[in-house]
Amino acid sequence: MRALNLARTLLVAASACLPLLSLAAPKAATGDFGPPRGEPIHAVLTSPPHVPPPTNRNYPAKVIVDLEVVEKTMQISEGVNYTFWTFGGSVPGSFIRVRQGDTVEFHLKNHPGSKMPHNIDLHGVTGPGGGAASSFTAPGHESQFTFKALNEGIYVYHCATAPVGMHVANGMYGLILVEPPQGLPKVDREYYVMQGDFYTAGKYREKGNQAFDMEKAIDEKPTYVLFNGAEGALTGDKAMTAKVGEKVRLYVGNGGPNLVSSFHVIGAIFDQVRFEGGTNVQKNVQTTLIPAGGAAIATFTAKVPGSYVLVDHSIFRAFNKGALAILKIEGDENKGIYSGKELDAVYLGDRAGPNLAAVAQATQAAAAGKLTADEQAKAGQALFAGTCSVCHQGNGAGMPGVFPPLAKSDFLAADVKRAVNVVLHGLSGKVTVNGQEYNSVMPPMNQLNDDEVANILTYVLNSWGNPGGQVSKEDVKAQRAAKPPAQNQAKE
Ligand SMILES: [Cu+2]
């Protein structure tokens, strides 16, 4: 009798603890909480980086989701257009937020202007194809299916119409959050970020309209790796923001189609990560792996002001393919935690610059055949900051004995064609600039396209007391095709 009572007391104590426990690490109960109650609710959908408000519900409801597929041309990088296929007009698609146990009535519409049929596979659906089997939708049509959100978590959705890889590569993915019954712990800010890899016929940053390149996609050699579908989608005046002391929650997805993401925020440590979007929580995480077709929820507290850079830590993707976003934290310094000197502009380069509007303007003017030296110089300035200033310094002064000056450089003034060669093919061995000897190595900067080299050199020629002049992209093209002069010995 006594033993029984004790057991009962323990049982009651244990269940009293349960709500507390589940707040810290929500339990993965499969949630059929019975038929929907109350009036049907229309889900609030948001475009990235915004997240719909919490459902704030303690009962299962019928939730109606209206999502429209739109095929549209947008900028993938400054001056580079790409025809994306989208869920809701954005890449990634609209964020959907429901509660575990909700009955979701899904309406998929395909805009009459579309050229392709599309469907949707939601990883949060229990059923064949995650909804794909019931949602094949021709242009100008609508499909409807209903599912019960049984499992809580953060789930990827994507198009699964053949060729599946192509639909995904064109931006057809997004996230659906299935909140646990008690909701997620309160935070101050929530953001929606999703990585994707893109395959264009032209090279990285090659201007104009760029078509999808199936061969590159099959070879898994992306031209761009991006957060939220465009280079600069989350930098400059589009950066995400928070204040010191605020708790920030990031819903981070990876649409792929091919790459997995080593997701990292430079200068921050995640207090908690629900890795793989699952229920377990990992604490004190530097970099979390997000598989293609997977997602994670990462939270951290902003402690020190500054620009925090979200990257795929497979780092060439960040600095040479666009996988870079900024979270700007404002507030008072805390010298006890961090001493100062803000983020280094050179480290970020032009990839994080406010925007490259001048570069786009120059491209347009060039296409129209009326490009002035001034426009070229403006475009060149932004590019110089991201490419050359790391060695030659922002003011062109160089570093004594290490990097020769570009300011008032007699070497430059003597032969501009030679300077084009230096940028394209690099330079090594002894050179004398303004009476000073340098014997070092400049690597070839041949990742720059002809436009970019022309603009940078026009900027250099018209800055810091240099003689002025203009370098055209035709000049660069000719030098690129020509053999590097013997003096440029750096290996490409
Ligand atoms: Cu599709």
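As the structure is a computational prediction, the values presented were derived from the model and not from experiment. (Residues numbered from 1 in each chain as written. Predicted model: local features only at pLDDT ≥ 70, side-chain atom pairs only at ≥ 80, totals over all residues. Heavy atoms only, no water.)

1. Comments concerning the overall build of the protein
Okay, so step 1: When helices and strands are tallied, the protein shows 12 helices and 23 strands.
Okay, so step 2: Looking at the protein as a whole, 51% of its 492 residues are labelled buried.
Okay, so step 3: Excluding contacts between residues fewer than 6 apart, the proportion of contacts in the protein whose partners are at least 24 apart in sequence is 70%.
Okay, so step 4: For the protein, the exposed area adds up to about 22500 Å²; of that, 56% sits on carbon and sulfur atoms. (Helix = DSSP H or I, 4+ residues; strand = E, 2+ residues; numbered from the N terminus. Buried < 20%, exposed > 50% of the residue type's maximum accessible area, 1.4 Å probe, protein only. Contact = heavy atoms within 4.5 Å. Areas by Shrake-Rupley, 256 points an atom, 1.4 Å probe, with all protein chains shown as cover.)

2. Section: the coordination of the copper ion
Okay, so step 1: On the protein side, the copper ion has His118 (ND1), Cys159 (SG), His167 (ND1) and Met172 (SD) as donor atoms, found 2.0 to 2.5 Å from it.
Okay, so step 2: Here the copper ion binds 4 donor atoms, and the angle range of 88 to 139° at the metal identifies the geometry as irregular.
Okay, so step 3: All donors of the copper ion belong to a single chain; written as a sequence motif, their spacing is H-x40-C-x7-H-x4-M. Placement of His118 in the loop between strand S5 (103–110) and strand S6 (121–122) and of His167 in helix H2 (residues 164–169) is noted, with a sequence separation of 49 residues between them.
Okay, so step 4: When its relative accessible area of 0% is taken as the criterion, His118 is described as buried.
Okay, so step 5: You can call His167 buried: its relative accessible area is 1%. (Donors = N, O, S within 2.8 Å, 3.2 Å for Na, K, Ca; no water. Tetrahedral: all angles 85-135°; square planar, octahedral: opposite > 155°, others 65-115°.)

3. Notes on the environment of Asn462
Okay, so step 1: In this structure, Asn462 sits in the loop between helix H11 (450–461) and helix H12 (473–481).
Okay, so step 2: On a C-alpha basis, the gap between Asn462 and Ala377 in space is 7.2 Å, while along the polypeptide they are 85 residues apart.
Okay, so step 3: Aside from chain neighbours lying at most four places away, what touches Asn462 is Gly468 and Gly469.
Okay, so step 4: A distance of 2.7 Å separates a polar atom in the side chain of Asn462 from the backbone oxygen of Thr458.
Okay, so step 5: From its side chain, Asn462 meets the backbone oxygen of Gly469 in a polar contact 2.9 Å long. (Polar contact = N/O pair within 3.5 Å; in protein donor to acceptor, adjacent residues only side chain to side chain.)

4. Considering the UniProt feature "binding site: Cu cation" (unreviewed entry) in the protein
Okay, so step 1: As annotated by UniProt and renumbered to match this structure, "binding site: Cu cation" (unreviewed entry) occupies His118, His123, His158, Cys159, His167, Met172 and His313.
Okay, so step 2: Mapping His158 onto the fold places it in strand S8 (residues 153–158).
Okay, so step 3: For His158, the residues in contact, after removing those within four places along its chain, are Phe87, Asn119, Ile120, Asp121, His123, Val168, Met172 and Tyr173.
Okay, so step 4: Checked against the element boundaries, Met172 lands in the loop between H2 and strand S9 (173–179).
Okay, so step 5: Not counting residues within four places of it along the chain, the set of residues in contact with Met172 comprises Val69, Trp85, Thr86, Phe87, His118, Tyr157, His158, Cys159 and His167. (UniProt positions renumbered as here; feature names shortened; annotations may be inferred.)

5. A short note on the sheet that holds strand S4 (residues 96–99)
Okay, so step 1: A sheet is described by the order of its strands in space; here 4 strands give the open sequence S4-S9-S8-S6, paired in mixed fashion. If you trace the sheet from one side to the other, it starts and ends with S4 and S6, each paired once.
Okay, so step 2: Looking at chain direction, S4 and S9 are connected through 4 bridges and run parallel. Bridge pairing in S9 places Arg97 opposite Leu177. (Pairing = 2+ DSSP bridges.)

6. Focus: the packing of helix H7 (residues 373–387) against H11
Okay, so step 1: Where H7 contacts H11, the axes come no closer than 7 Å and their chain directions differ by 100°. Relative to H11, the element H7 is oriented roughly perpendicular. Residues Ala373, Gln376, Ala377, Ala379, Gly380, Gln381, Leu383 and Phe384 of H7 lie in contact with H11, whose contacting residues are Glu452, Ala454, Asn455, Ile456, Thr458, Tyr459 and Val460.
Okay, so step 2: Of the residues in the contact of H7 with H11, the class split is 9 nonpolar, 5 polar and 1 charged. (Axes fitted to C-alpha atoms, helices over the stretch in contact; angles between N-to-C directions. Parallel < 35°, antiparallel > 145°, perpendicular 65-115°, else oblique. Nonpolar A, V, L, I, M, F, W, Y, C, P; charged D, E, K, R; others polar.)

7. Considerations on the sheet that holds strand S12 (residues 224–227)
Okay, so step 1: Read across the open sheet, the 6 strands follow the order S12-S10-S14-S19-S16-S17; overall the sheet is mixed. Looking along the sheet, the strands with just one partner apiece sit at the ends: S12 and strand S17 (282–285). Geometrically, the sheet is characterised by an average inter-axis angle of 25° between neighbouring strands, direction not taken into account.
Okay, so step 2: One ladder, built from 3 bridges, connects strand S16 (residues 270–274) with strand S19 (residues 294–301); its direction is antiparallel. Residue pairing for S19: Gln272 is matched across the bridge by Thr299.

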